[in-house]
Each structure stands twice: as C-alpha cells, then as structure tokens.
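# Notes for the structure review
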Amino acid sequence: MLSRLKLSQKLWFLTLSIVLILSGGYYAYFSTTVKSQLKESLLKKGRTIVQTTAVNLGASLYLTDSGLIQNLMLNLENDQDISFIYVTNPAGDMAYGYNYNRNLKLINSALNSNQIQNYTKDYLVLKQSIFFHDEYYGDVIVGFSLRWVNAQIARQTRNLIIVSVVLALILIFLGVFLGNRISNPLKEATETIQNYSQNESALSLRLPVKGDDEIAQLARSLNSLADNLDNNIHELNKSKKYLETLFQLSPIPIIIADTLGQIEGVNESASSFFGVEPSVLIKINLDRFFQPDDLNAIFNRIIQDMQDIRGFVTTLRMTDGTKKVVELNVSSHQDELNYVKNIIIAIIDITEKIQIQREILHNQTKLQRINNELTVKTEELEQLSTWNKKNAHNLGQLINISQQMMRSTAANEILQKIIEDGRRLLEATDCAIFLWENKSDKLIPSVVSSEDLRNRLQPINQENKNLIWRTYQENEPFVFDSAELSEKEVEMLGIRAASRFSVVSVPISEKDYRFGVILFVKYNHQNYRLEDVHLLSTLANQAAILLDNMHLVHALKEKAVSLEKAYGEVQRSQQQVIQLQKMESLGTLVGGIAHDFNNILGIIIPNTELLRVDANGNNSINRRANVITEAAQRAADLTRQLLMFSRNQDIQVKVFSPNQLITRLSTMFKRTLGKEYEILLDLDPDVDDVEADENRLTQVLINLAVNARDAMPDGGEIVIRTFMAKYKPRADKFAREKEYACISITDTGCGIRNEDLDKIFDPFFTTKSVGKGTGLGLSVVYGIMQSHKGYVDVESTVNKGTTFYLYLPPTPRKFVEVQVPPKPRGHAIPKGSENILVVDDENMIRDSVKEILESLGYSVTEAASGIDAIRIVQQKKRRYQLAIVDMSMPKMNGVETIRKIRELDKSIKVILSSGHIDRDKLVPADLKVEGTLPKPYRIRELAMKVRQVLSQKAAVVS
C-alpha cells in the first residue's frame, strides 16, 4: 500500500510516524525519568532520615532512655511523607511504633528480608540496622507514602500529553511542507535508501551523490558519517574488550555499585579479597562490608559533592567476621544528565602494612625505652666510676697518711696529722679532736684546725650532752646536716650560724678503750658520704692503735730502763711488737677498705652484665660493657689480693700433687705470657703431695710467673722445678731443719738489688714504675705461704736472674679415691618462680640482685636492714622460700638476722653473702645456713647458687 503513495504522502506519513514515535518515546522516557527522579528524591530523603534516626537511636537504646526515643520519633511523625514507624531492640521486640498495626505484615516481611529498601503499591519501606560503638542494638523500619509521587506523575503525564499533541501538529505541518519541497531531489535516492543493508559490524548505507545541492551534500555527509561510524564501532568493540580484560586481570579489588550501595559488578581480585563468589557478591549491598559512617561519607562526597576520593583509609568487615584495614580510591560514572549512575571503588589491602608500621612503632618505643634505660645505667656507671676513682684516690691518700702516722713519734704529731691531712682528704672547713681527760671527766678540744674554732668550742661532759658526747658514749660514728641539729648543739659544736653545713664525728677507740672524738665540719658543700665516714673511721682507728702502741712503747721503755741487763732483748721485742702491730693495723685498714670496694664492685659487675643483656646485640654498648667488666674484674682481683693480705678469706684445704697443678698451669702460662717466653718444667716424680688450698697456691704461682715475665721484657726462660729439700727458716732461730716439698721458679731477668731483697714482701713495696704494679703481689704470696705453715725464700743476682723457693709441709702419700665432678647438663641459667627475701644495707646491691632475680622469674622483696627483714617476715604477707642475707650490716648483723628469721619461720632457707667470710670465726657452729655466696655477685653464680639451695631438701650446702 505504501508503494502506491506519493513521495510527499510518504514524507507526510513518515513525518507523522516519526512524530508519533518521538512523542510516544519522549512520553515514555519523560514519564519514566520523572517517576525515577521522584522516587530517587524520596529515596534519598528517606535514606537520610533513616540513617540519621538509626545513629540517634543507637545512643538512646544503649542508654535505654524511652523518653529520648519518644522525642526523636515525634519529629518523624510530623513529616507528611512518613506513614508508619517501627523500632526493634536487640532481642527483636518492638521498642517504638507509629501507625504500624495496619502494616504489620509489611513490617514483618521487611524484618525477615535482607533488603534495606522495598517498593509496594502505596509505600516505600526502608530498613536500617542500629549500631552503637560497633554493637548491634536493633532495627528501624520507616514507611514513606507514594501518594504524592503518583500525583506528581499524573500531573506531569497530562502536561506531557498536551505538549506532545501540540508538538505533533507542528511537526506534521512542517513535515508535509518540507516533504513537498524535497520530494523531487530525493526520488533518485529512494531506491538506494530502501535497499540499504545493515550487519552487526558495519553500517552499509551509501547514498548516490549527484550534483552539488543540499541533498547531494547531505548524501556525502551521510556517506562520510557512515564511514566514521564503521571505524568508531570497530574501535569501541576493541576498547570494550580491552577494558573488560583489564578489569578482570587487575590485581586490585574493584567494585562497581549503584547509588544505593547495591553491588553490580566485581573483578576476580575483589572476589578473592572478600572470599565470596562473584555471582554471590553482586547480590550483596555495600553496607554488609562498610561501616555506616564511612559509607555515608563516601556517598556524600561522590554523589552530592561530585568529587572523587583518594587514599580513604578505613576497616572492612569480612564475611568470616574478621576486619581488614584498607585504602579506598572511589570514582563515579555519570549519565548524560550528569547524575551519578554508578560508583567505582578500588580497594588496596594495607592490613599487613599497618601491622608492620605498628610493630615498627612498638619496636621504636621499646628501643627508645631501652636507650633511656641504658642512658640511666650509663650515668649510674659513670657516677660509680667517678666514686670509684675518688675512693681509689682517697685510698692512696689514706695509705700515705697512715704511713706518715706510723712514722710519728708523738701523740700530738699523730693528731695534728689527722687534722691537716684528713681535712684536705675530706674537704673539711673546721676540724677538731676532743680527747678524754680523766681528771675532769670531760672531753677537751685538744687539737683544732684554727684558733677561731678553739674560741668557739668548750669542753663536753655529761651535763651538756651533744653530738660529741653521744659519739664518745655509743662508740659509733654519726653524720648530720644543718637540718638535723638543734641550735644549742650547733652553738656547742662551734659551727657558724645561718650556714648550710654537714658534720661527721667518729670515735677514737681501740677495742674497749676510748681516747676521744674527731669532729669534721664543711660548709656549703655536698653532705658527707658513707665512704667519707669509713675513711675517717679508719684514720681514727689507726690513731687509736698508734696511741695505744705509744703508751705500750712508753711502758716498754720504762721497763727497759729498770731492766738494764735485758735491754737488748727488750729492744728487739719492742721492734717486733711495733712491726706486728703495724701489720695488724694495716691489715685492719686494708680489710675494711677492701670490703667497701667489694660492695662497690657488687653493684658494678651485675649491672654491667644486665647492661650487656639489655644491649640486644649492640656492638658499641657491648664493647663499652666489656671495658667496664674488665676494669671491674681487675679491681676485684686487687680486692681479693687485699683480702688475702688481711687474711679475711676462707681456706679450702685438700691434698693434691704439686706436679699435677704445675702441669695444668704451664699450658695457661704458655698461652698467656707470650711466645717470647719459654716455659720449662723440671718436676721430680717422687715429690710428696701437699695439703693446701689449691686456688691460693695457684695464685702464688701466677703472681711469681707474672713477676718473672715483667723481669724479662724482651723474653726469656722461666724454669719451674719441684723437689724434696731440707730447709730451716732464717727468721726463726729456734726452728729446726725439716724436709719440705719445694717449688722453685727461676727467670733469666734483671734480678733484684741486695738493698731491696729485705723489702720485697712488704705490702705496697714495688720496684716497678707508676701504674705497672700495686706492690701487693709478693706480700700476698708471703701471706698465703704463712697461712699454709710454709715459707718463701728468694735468691737473685742483678742482670742474671731470680729464683723464688716455695717450701710446703709434705703430706704422706695415701690412696685417695678421685671423685670426678659431674658434667654440667647445660649452659643455661636456671630460673624459678619462688619468693625470695634480699637483705642488704647497700641500696644499689639490693636493686641489682632484685633486677637479676626478677629477670629469672623470681618474686623478690627487699629489706634494707636486719630489722626490716624481721618486720617483713612477721607480717606474713607472703611465704618466702629463701632469704639472701648480707653478713655485715649495721645495728643487726647477718648472724643475728638469720637467728631471728629462723625463730619466726624455720622453713626459710638461707644463703649468707659477704665480701670476706671466715666461717670458723664469724659464724657460730650452731648456726646452719644452706649456702654461702661471695661478693661481688655474678649473674650465673647467683642463679646457680639460688637454684641449688632451693632444690635441696635436707642436705646443708657449705
């Protein structure tokens, strides 16, 4: 039928068809768009209201405040678009309802569904879960009426119909008019247009071109357009395939969702990331993984602000309940009206990166704490080192003062030496010595540092008691500062008023005989320390001994005058007594100072070991710790030599062969003395065994070997021999010649001068240069040989060499079953969890022992004195399995403390510790202790001894 129509009719019919199609399409598109926009507008409003209400209801349900819930809901009830409201609690029961009775079926359907939105004929139903601090508190369901939306759609439809009719009429008129105008030129192109073909890959429409009029130009343009469309369609197909491949192969998880959060597309990386199949994942809403606040922020930025998001860090909830820290990059896809159609989310998993950063931050914090602790430890060690140097200097000065005092011949000279040299040693301003006067029963200020001080002082008796009288009566030293003395005492002591000062007073006494009191005062300086008190007490004790000796010498002289016939013998006896008393007083001095050194080393050595442990492999810190340890070890060796000189250490005697001991030591000598020294042995196999302390005899041989090495700086031979020999001591004219087991050590060095041979065994005598020796080596050798009832002799020729002979009483050979000590099972330091009480008057030693034991797992309680220890045990706040008790403590010593502890709790095991312990003299035979521990402590020795004592049952460890 159409073939019979004219071109103008066809154009008219075509125009009418196009008008109808365009009108119908425009009507359908317009009505659909308007309806969609109206529904989307209502949906956006509803989502905003529901999300805001859910956030506010979270706090109200958490607080269970029904009044607050009512106030929140009243605002929603006034909204004309809201038809009903229903709120549930975590148990699923109704917490609030508004016009819900008629819609219960719709509400229950929404509650049981996973969808957050649903359209019905009359309502838009929105559901939102309520969370507060990531905890679920119920759901809120709001029904919005669609009456207004439907009314708007009807009104727009009517307007659209009117506009479409008017537009159709206009187009029909124009179509007819234009059809008549262009029908003729298009007749030739009619067949071509009617016969065009179209396939899937190209647009095969080509119009014939004739002439240059508008129809021809239109034909050319259409042909060119067809070519371009063919090329563009081909390129688009290629790009589409490329983008689809790139999307699926991307290692970054990518999600494509609509503006309501519904997932529409994912790649394989996203499926692997969430652990969900792609077909299942696209049915899930984003709020299943994202936190509501984060999701709202993303939608607001993308949809409302039309801005992309880069580097948004948040946490996502996985399907298995775990959380991952991610970095989000979000963009949008917009339609032709610039409305956001989709959002594209790229996810970067940074959970491991955050964990690494946290670990780095934690390690940095830990390292900073360790560095701070190391800094504190280093400062403490530097302070201890400074104190050690000062104490060493003071020790040297004290020895020098003691030697000068020994050479004094008058009591006033001795006291004046204390005032002059002691004042410089202790940095005192005013010094005074009060001596007891029997006639007046008073303490008289006999020797003072200045006449001005003498004018301020007055005699002290029982009526005007003060610090001087208390020191004399109690026979104990005291230290006070300006805040601890009354104004009357300050005036009586001659101290200048309105001054900051520190005062120390020590008694001058020997055993039970008291001579007087020494008073030292210094102004505007640091307070006197315990080491200062020890130094001054040592000087006072030395002065008391010398004063007593002078009284004895005076008595001996008077006796010598009356006994002229025995003058020579008395004179020799007098010299012997003086020498013995000098050695005794020097031994007392050295022993006391060595004990203080031991306490200091007991702080340095364990703290250095703890510093090495805390260094965590830091080579710089380990190197400094090794230097400190080596210096402390040298100081400990010196202290042991001083203690052996003062005879304050145990002797553990056993029978052994000197040949076996020398054979073992020769290997060490060859390794340590140097390759330039040749060690030769000439050992008599028939030499008898000796009964001695193997450790002390080892020290004797080491000291003599080191002296031999020092005598041969360019190398040489050291010959060690053993043989049986008869010997008579030169110093004892009444001794008989006996047979001894002899050990000789010969060198080829520089020898000893004849004038020095009689002095080499004196303490602190040395022919070495300053810093090369202490002068204690041979005196220690002499003391050890005497303690073993043996002798030491020497022969020397200058520039040829020296031979030392050691004579020890032989022990007849007998069969002795050799007990092989069990091999250690391992090198690990044993640990435990028991309660331990540490009793020591030195704060730093207690802190070090506590830190060591607590690092091994023990629970440690500190006691600063025996009295504190008794109080702690009496309180019974915890049961102690072990007590480590220091032997030397003020007021209550270690023996008394142990007795009191045993009276309170017999089950507590005890380790007795000291720098120098002679158990036969200091520890009563009836006092049983489970173990002893020497100072200074070392971590391994302390841990092994503690574990050994705690593990034993009934046996007593010595």
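A quick note: this is a predicted structure, and the numbers were derived from the prediction, not measured.

## Digging into the overall build of the chain
Scanning the chain from N- to C-terminus turns up 26 helices and 30 strands. Residue burial in the chain is summarised as follows: out of 958 residues, 43% are buried. Across the chain, contacts joining residues at least 24 apart in sequence account for 62% of those joining residues at least 6 apart. Summed over its atoms, the accessible surface of the chain is roughly 54,400 Å², and 52% of this surface lies on carbon and sulfur atoms.

## Things to note about a negative patch on the surface
Where like charges cluster on the molecular surface, the negative patch consists of Glu 379, Glu 380, Glu 382 and Asp 847. Along the chain, the position of Glu 379 falls in helix H10 (residues 351-406).

## So, the pattern of salt bridges
Here the structure, examined in full by the defined rule, presents 18 salt bridges. Across the salt bridge formed by Lys 850 and Glu 854, the nearest N and O atoms sit 4.0 Å from each other. Linking Lys 850 with Glu 854, this pair stays in helix H22 (residues 843-855), spanning 4 residues, or about one helical turn. Residue Glu 854 is classed as partly exposed on the basis of its relative accessible area, which comes to 39%. One continuous salt-bridge network, built from bridges that share partners, spans Arg 846, Lys 850, Glu 854 and Glu 862.

## Focus: the sheet that holds strand S17 (residues 513-523)
Taken in spatial order, the 5 strands of this open sheet run S14-S13-S17-S16-S15, and their pairing is antiparallel. Whereas interior strands pair on both sides, the edge strands pair on one side only; in this sheet they are strand S14 (442-448) and strand S15 (478-481). For this sheet the average axis-to-axis angle between neighbouring strands, irrespective of direction, equals 20°. Bridging between strand S16 (residues 501-510) and S17 involves 10 bridges; their strand directions are antiparallel. Within the sheet, the bridge partner assigned to Val 506 lies in S17 and is Ile 518. Contacts from helix H11 (residues 411-425) reach strand S13 (430-437), S14 and S17, with the element oriented near 155° to S13. Along the sheet face, helix H13 (residues 467-474) touches S13, S14, S15, S16 and S17 and points at about 140° away from the line of S17.

## Some details on the pairing of strand S29 (residues 909-914)
Of all 6 residues that make up S29, 6 are buried, and the element is covered over most of its length. With burial as the criterion, each face of S29 is covered, one bearing Lys 909, Ile 911 and Ser 913 and the other bearing Val 910, Leu 912 and Ser 914. Alignment of strand S28 (residues 882-886) against S29, held across 5 bridges, turns out to be parallel. Residue pairing across strands places Leu 882 opposite Lys 909, the latter belonging to S29. When S29 meets strand S30 (residues 931-934), the two strands line up parallel, connected through 4 bridges. Bridged to Ile 911 within S30 is Gly 931.

## Comments concerning helix H19 (residues 694-711)
Here H19 is 18 residues long and its end C-alpha atoms lie 26 Å apart, about the 26 Å a rise of 1.5 Å per residue gives. Within H19 the residues assigned to the buried category are Glu 694, Arg 696, Leu 697, Thr 698, Gln 699, Val 700, Leu 701, Asn 703, Leu 704, Ala 705, Ala 708 and Ala 711.

## Quick word on the nonpolar core
Ranked by size, the top nonpolar core spans 36 residues in total, and within it Leu 701, Leu 704, Ile 718, Phe 804 and Leu 806 carry the most contacts. At 6 residues, H19 tops the list of elements feeding residues into this core. In this structure, Ile 836, Ala 943, Val 949 and Leu 950 belong to the second largest nonpolar core, which totals 35 residues.

## A short note on the environment of Ile 401
Relative to the helices and strands, Ile 401 resides in helix H10. Through-space distance from the C-alpha of Ile 401 to that of Lys 417 is 7.5 Å; in sequence the pair is 16 residues apart. Ile 401 has contacts with Lys 417, Asp 421, Gly 422, Leu 425 and Leu 539, leaving out every residue within four places of it along the chain.

## Side note on the packing of H22 against helix H26 (residues 939-951)
Between H22 and H26, the least distance of the axes is 11 Å, while the angle of their chain directions is 65°. Accordingly, the angle class assigned to the pair H22 and H26 is roughly perpendicular. The crossing of H22 and H26 is right-handed. Within the contact between the two elements, H22 uses Val 849, Ile 852 and Leu 853 and H26 uses Ile 939, Leu 942 and Val 946. Residues that form the contact of H22 with H26 fall into these classes: 6 nonpolar, no polar and no charged.

## Points about the sheet that holds strand S9 (residues 263-266)
Pairing within the open sheet is antiparallel, and its 5 strands lie in the order S9-S8-S12-S11-S10. The open sheet has two free edges, formed respectively by S9 and strand S10 (309-317), since each of these has just one partner strand. Averaged over all adjacent pairs, the angle separating strand axes in this sheet is 30°, with direction ignored. Pairing analysis gives 3 bridges linking strand S8 (residues 254-258) to S9, with the strands arranged antiparallel. For Ala 257, the partnering residue across the bridge sits in S9 and is Ile 263. The strands touched by helix H9 (residues 292-304) are S8, S10, strand S11 (323-334) and strand S12 (340-349); relative to S10, the strand with the most contacts, the crossing angle is about 155°.

## Observations regarding the side chain of Thr 471
The topology assignment puts Thr 471 in helix H13. In terms of polar contacts, Thr 471 uses its side chain to reach the side chain of Ser 505, at 2.7 Å. Sequence-distant contacts of Thr 471, that is, excluding residues within four places in its chain, are made with Glu 476, Phe 478, Ser 505, Val 506, Pro 507 and Val 517.

## Structural notes on the packing of aromatic side chains
Per the counting criterion, the structure on display carries 16 aromatic pairs. When the centroid spacing of 5.0 Å and the interplanar angle of 85° are considered together, the rings of Phe 273 and Phe 274 count as edge-to-face. Phe 274 matches Phe 273 in its accessibility class, with the two residues each being buried. Ring geometry for Phe 274 and Phe 289: centres 4.3 Å apart, planes at 40°, overall tilted. With a gap of 15 residues between them, Phe 274 in helix H7 (residues 268-274) and Phe 289 in the loop between helix H8 (278-281) and H9 connect regions that are remote in the sequence. The exposure class of Phe 274 is buried, given its relative accessible area of 2%. Judged by relative accessible area, which is 0%, Phe 289 ranks as buried. One Lys or Arg, Arg 288, reaches over the ring of Phe 289 and ends 5.9 Å from the middle of that ring.

## Notes on H11
One turn of the α-helix equals 3.6 residues, which is why residues spaced by three or four share an orientation. Along its 15 residues, H11 runs 20 Å from first to last C-alpha, staying within 8% of the 21 Å computed at 1.5 Å per residue. Positive phi appears at Glu 427, one or two residues downstream of H11, with a value of about 55°.

## Examining the packing of helix H23 (residues 866-875) against helix H24 (residues 894-904)
For the pair H23 and H24, the least separation of the axes is 10 Å and the interaxial angle reads 5°. Comparing the axis directions of H23 and H24 gives the class roughly parallel. The residues of H24 that touch H23, namely those facing Gly 866, Ala 869, Ile 870, Val 873 and Gln 874, are Thr 897, Lys 900, Ile 901 and Leu 904.

About the thresholds
- Along each chain, numbering runs from 1 in the same order as the chain's sequence is written.
- Reporting of local features is limited, given that this is a predicted model, to residues whose pLDDT is at least 70; pairs of side-chain atoms are given and counted only at 80 or more, and all residues count toward the totals for whole chains, interfaces and linings.
- Excluding hydrogens and water, the side-chain values take into account all heavy atoms of the structure.
- For the purposes of this entry, the term helix denotes a DSSP run of H or I that reaches at least four residues, the term strand denotes a run of E that reaches at least two, and both are numbered from the N terminus.
- Between buried and exposed lies partly exposed: a residue is buried under 20% and exposed over 50% of the maximum accessible area for its type, with that area taken using a 1.4 Å probe on protein chains only.
- We call two residues in contact whenever any of their non-hydrogen atoms come within 4.5 Å of each other.
- The Shrake-Rupley method, run with a 1.4 Å probe, gives the accessible areas here. Residue values count only the displayed protein chains as cover.
- Surface patches are defined over residues having more than 30% relative accessible area and no salt bridge, joining like charges when they lie within 9 Å and nonpolar side chains (Val, Leu, Ile, Met, Phe, Trp, Tyr) when within 5 Å.
- In the sections that follow, a salt bridge refers to a side-chain nitrogen of Lys or Arg positioned within 4 Å of a carboxyl oxygen of Asp or Glu.
- As used throughout, the charge tally considers Lys and Arg to be positive and Asp and Glu to be negative, leaving His and the chain termini uncounted.
- Think of each charge as sitting on NZ of Lys, CZ of Arg, CG of Asp or CD of Glu.
- When DSSP finds two or more bridges between two strands, those strands count as paired.
- An axis is simply a line fitted to the C-alpha atoms; with a helix, the fit covers only the stretch in contact. Between two such axes, the angle follows the N-to-C directions and lies from 0 to 180 degrees.
- Multiplying 1.5 Å by the helix residue count minus one yields the expected span of that helix.
- Side-chain atoms within 4.5 Å are what join buried Ala, Val, Leu, Ile, Met, Phe, Trp, Tyr and Cys residues into a set we call a nonpolar core.
- Oblique is the label for any angle not under 35 degrees, not over 145, and not in the 65 to 115 range, which are roughly parallel, roughly antiparallel and roughly perpendicular in turn.
- Throughout, a crossing is termed right-handed when the near helix is turned clockwise from the far one, and left-handed when it is turned anticlockwise from it by less than a right angle.
- Residues are sorted three ways: Asp, Glu, Lys and Arg are charged, Ala, Val, Leu, Ile, Met, Phe, Trp, Tyr, Cys and Pro are nonpolar, and all the rest, Gly among them, are polar.
- Residues adjacent in sequence count toward polar contacts only when both atoms are side-chain atoms; beyond that, a polar contact is any pair of N or O atoms within 3.5 Å, and within protein one must be able to donate a hydrogen and the other to accept it.
- Note on aromatic pairs: the rings of Phe, Tyr and Trp (six-membered ring only in Trp) are paired at centre separations within 6.5 Å, and the planes decide the class, stacked below 30 degrees, edge-to-face beyond 60, tilted for the rest.
- Both a distance and an angle decide whether a charge sits over a ring: NZ of Lys or CZ of Arg must be within 6 Å of the ring centre and within 35 degrees of the ring normal.

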